Each structure stands twice: as C-alpha cells, then as structure tokens.
Amino acid sequence: MTSPGYFDSIEAGVRTSGIAGGLILLAFVSVFALPQATVYLLGGFVVTVVYGWFTDRERTAKFLFLLMTVSTVLILGLITIYLIVESIPAFSAVGFDLFFQTQWTSSEGIYTLVPMIWGTFVTTIIAMCVAGPLGLAGAIFLSEIAPGWAREITKPAIEVMAGIPSIVYGFLGYIVFSKFLTREAALQLPQLGSLFAVGIVIGLMALPTVVSVAEDALAAVPDAMRDGSHALGVTDWQTTNSVTIPAAFSGVSAAVLLGVGRVVGETMAATVILANVTRLPDPLTDVFGNTITLTSLIANQHGTASGRQLSVLFAAGVVLFITVLSLSIGSQYIETRMQRKLGGKQ
C-alpha cells in the first residue's frame with residue numbers, strides 16, 4: 001500500500017477551491033494573453049465550483065465569498081489605474097490649462113474642462129437646493145409624523161423612484177419641464193436646454209437617496225432620548241426639532257452628501273436636456289444658460305473622440321472620480337461619527 005502524496009493529503013474542499021482559484025486567475029490572464037482560451041477556462045471554473053458545492057459546500061461557499069470580495073477590490077483598482085493612465089497624455093500635453101483656460105476648440109487641439117466643471121457645479125448646487133430641503137422634510141415626516149400605515153406605503157413608493165432609469169427623468173425633463181420654461185412659464189426662455197432645468201430634474205432624482213438615508217438616521221435615534229424629552233413636558237415638534245434632528249445631524253448630513261454624489265455623477269438626464277455647448281454661459285451666473293457637464297461631455301463625445309481629445313475625456317473622468325470619492329469618504333466619516341455618538345463611545 002503506497003502512502004498518499006502531498007496533493008492527495010489536502011482536504012477535498014481546499015483542493016477544489018485551489019483549482020477553481022487557479023482557473024479563474026488563468027481566465028483573467030487569458031483575457032489579455034490568449035482571449036480564445038478564456039471561455040474554456042471559465043467553463044472549467046464553473047464545473048469545478050459546482051463539483052465543490054456538492055462535495056464540500058461550506059468551504060466552497062467561503063471560497064466564493066472571498067473570490068467576490070477580492071474581485072470587487074481588484075476590478076475597482078484596475079478601473080482606477082486604467083482611468084489615470086489614459087488621462088496622463090491630456091495632463092502632459094495641456095497641463096494646468098485644463099483647469100484655467102476656458103476655450104475648447106477641438107479642431108485646433110485646444111481643450112479645457114472649465115465649462116464642464118462649472119456646469120457640474122451649478123447643476124449640483126441647484127439640485128441640492130431641491131433635494132436637501134425636500135429630502136429632509138420627507139425623512140422627518142416618515143420618521144416622526146406619519147402613522148405606521150402611511151409610512152409603510154410612502155417609503156417603498158419613494159424608494160421606487162430610485163429604480164426609474166435616469167433617461168426617463170431626462171426625457172420628461174426635456175419634453176415637459178424645459179418646454180414649460182420656454183413656452184408657458186413667465187421666464188419664456190429662448191432655448192430648451194438650461195442648467196436650471198437639469199438642476200431641478202437631477203435634484204428630484206436624488207430625492208429617494210436623501211429621504212431614505214436621512215429617515216434611517218432619524219429612526220436610529222434611541223427612543224429613550226425621545227421619551228426623556230416627552231417626560232419633561234415638551235411637545236412632539238419640540239422633541240423633533242431640539243432632540244431628534246440634532247442627534248441625527250451627522251446621518252442627515254451623510255444623506256445629503258450621498259445625494260450630492262448621485263447628482264454629480266448623473267449622466268443621461270444632463271445629456272438629454274443640455275445641448276453639447278463647450279463654453280461658459282454668458283454671463284457666468286446665468287443659470288438659464290446652456291453649457292455642458294463633465295458627465296454629458298463624456299457621453300456626447302466619446303463616440304467621435306480620438307487621440308488627445310479622448311485622453312481629455314478620461315481626464316474629465318478622473319475629476320469626477322476624485323469628486324465622488326471625496327464625497328463618499330466624507331459621508332462615511334460622518335456616518336461613523338454618528339454611530340459612535342449614538343453608541344456613547346465619544
């Protein structure tokens with residue numbers, strides 16, 4: 001009788017997970033080195049995982065969860081690296097003029113991101129003037145005022161709004177709201193697209209995010225704080241205004257920041273409503289003027305851009321990435337502070 005080799009001494013679940021991990025790694029490498037072999041390697045991975053699921057389900061499940069986590073981090077890291085690498089030619093050729101000079105003439109190789117950054121900034125401010133107050137009011141109503149049956153109906157209905165495709169919001173904004181501004185409203189704007197219209201539409205799009213997260217923050221305030229306030233003889237509104245909202249302020253702030261992140265990254269609504277005008281409004285503060293945002297710049301021009309212009313679009317992507325990443329980190333920091341504060345750790 002021969003003694004088992006090293007391979008045979010390994011537990012079946014570990015062995016299967018190792019083989020599956022090796023196959024998925026080879027499949028990833030083959031995408032770049034030997035694309036025609038990728039489908040066979042992925043097929044081998046699926047067969048191995050199915051075999052492992054029936055022979056050692058616990059280890060296979062742990063392996064799959066680990067693989068998903070590593071894949072998520074790896075994919076995000078590769079996307080970030082690719083974005084930065086592709087934008088380097090634009091930063092090398094144009095330099096800081098991307099952020100200081102205001103002329104965009106692609107036929108002469110002159111590029112700038114200033115009108116796009118300004119358009120993104122203005123639409124974000126208008127949108128948050130809509131989403132901030134309305135979102136906070138909706139969250140307070142759902143958490144502190146609405147009866148249980150109304151909350152059970154209203155909150156899912158608001159969250160459904162987040163599932164509506166942004167192209168639908170953009171189409172409605174263009175067909176209904178922009179035409180209202182040009183024909184029916186007292187403003188009677190001379191053109192359909194405007195920063196104001198985009199800001200209003202994407203502000204409404206950010207509402208579900210703000211309402212949902214802010215309502216969760218308000219609901220997380222311990223009942224003991226409300227009960228203590230009521231025991232002192234104050235009214236429900238005074239309790240909400242002086243106890244609940246200040247206690248949940250960090251979470252409400254995080255909700256607004258998440259809403260800002262949604263607004264900054266919105267593409268289709270801005271692309272549908274705005275014209276592809278790569279210059280600043282005149283005057284600069286004209287919110288009813290027409291320009292372009294960072295996202296709509298990429299959506300409008302990626303199909304025809306090449307060379308340096310394509311690299312400039314990647315540079316716009318880097319600016320968006322850094323902006324949204326900063327907002328996400330800020331919201332996470334505020335949310336962590338809220339949890340520590342309500343948990344009594346500081």
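Residues take numbers from 1 onward in each chain, read along the sequence in its written order. Totals for whole chains, interfaces and linings use all residues, but because this is a predicted model, local features are given only for residues with pLDDT of at least 70 and pairs of side-chain atoms are given and counted only at 80 or more. Hydrogens are left out, water is left out, and the side-chain values use all remaining heavy atoms of the structure.

Going by what an unreviewed UniProt entry lists, the protein chain is known as Phosphate transport system permease protein and is assigned to Halapricum desulfuricans. UniProt positions are given in the numbering used here, feature names are shortened, and annotations may be inferred rather than shown by experiment. For the protein chain, the Function (unreviewed entry) comment in UniProt is given as "Part of the binding-protein-dependent transport system for phosphate; probably responsible for the translocation of the substrate across the membrane." According to the UniProt record, the Subcellular location (unreviewed entry) comment for the protein chain reads "Cell membrane".

Moving on to the overall build of the protein chain. Only DSSP runs of H or I reaching four residues or more are called helices, and only runs of E reaching two or more are called strands; each is numbered from the N terminus. For the protein chain, the helix and strand inventory stands at 14 helices and 0 strands. The order of helices and strands in the protein chain, counted from the N terminus, is α-α-α-α-α-α-α-α-α-α-α-α-α-α. This radius of gyration counts C-alpha atoms alone. The globule rule is 2.2 Å times how many residues there are, raised to the power 0.38. Here the C-alpha atoms of the protein chain give a radius of gyration of 26 Å, more than 25% beyond the 20 Å that 2.2 N^0.38 yields for 346 residues. Counting only C-alpha atoms and orienting by the principal axes, one finds that the protein chain spans roughly 95 × 70 × 35 Å. Exposure is judged per residue with a 1.4 Å probe applied to protein chains only, and the accessible area is read against the type maximum: over 50% gives exposed, under 20% gives buried, and values in between give partly exposed. Looking at the protein chain residue by residue over its 346 residues, the buried ones come to 40%. Contact definition: two residues touch when any of their heavy atoms are within 4.5 Å. Across the protein chain, contacts joining residues at least 24 apart in sequence account for 69% of those joining residues at least 6 apart.

Okay, the domain arrangement of the protein chain next. Those domain boundaries reflect an automatic or database domain assignment. Segmentation of the protein chain into domains returns domain 1 (4-94) and domain 2 (98-343). Computed over C-alpha atoms only, the centres of domain 1 and domain 2 are separated by 36 Å. Note on definitions: buried area is the accessible-area loss of two parts on being combined, 1.4 Å probe, summed for both. Between domain 1 and domain 2, a total of about 990 Å² is buried, with carbon and sulfur atoms accounting for 81% of that surface. Take a side-chain nitrogen of Lys or Arg and a carboxyl oxygen of Asp or Glu: if they are within 4 Å of each other, that pair is a salt bridge. The interface formed by domain 1 and domain 2 holds 0 salt bridges in total. Polar contacts, as counted here, are pairs of nitrogen or oxygen atoms within 3.5 Å of one another; within protein the pair requires one atom able to donate a hydrogen and one able to accept it, and residues that are adjacent in sequence qualify only if both atoms are side-chain atoms. Joining domain 1 to domain 2, the criterion identifies 2 residue pairs in polar contact (both at pLDDT 80 or more). Each residue is assigned to one class: nonpolar for Ala, Val, Leu, Ile, Met, Phe, Trp, Tyr, Cys and Pro, charged for Asp, Glu, Lys and Arg, and polar for all the others, Gly among them. Partitioned by chemical class, the residues of the side of domain 1 that touches domain 2 number 9 nonpolar, 2 polar and 1 charged.

Here the focus is the pattern of salt bridges. Counted according to the given criterion, the structure contains 7 salt bridges. The salt bridge involving arginine 226 is made with glutamate 144; its shortest N-O contact spans 2.8 Å. Highlighted residues: arginine 226 in helix α9 (residues 223-231) and glutamate 144 in helix α5 (residues 114-145), separated in sequence by 82 residues. In this structure arginine 226 comes out as buried when scored by relative accessible area, which is 12%.

Looking at the protein chain as a whole, the pLDDT averages 83, with 93% of positions reaching at least 70. Confidence of the predictor in every single residue is expressed as pLDDT, which spans 0 to 100. Averaged over each element, pLDDT in the protein chain is lowest for helix α1 (residues 6-9) (62) and highest for α5 (89).

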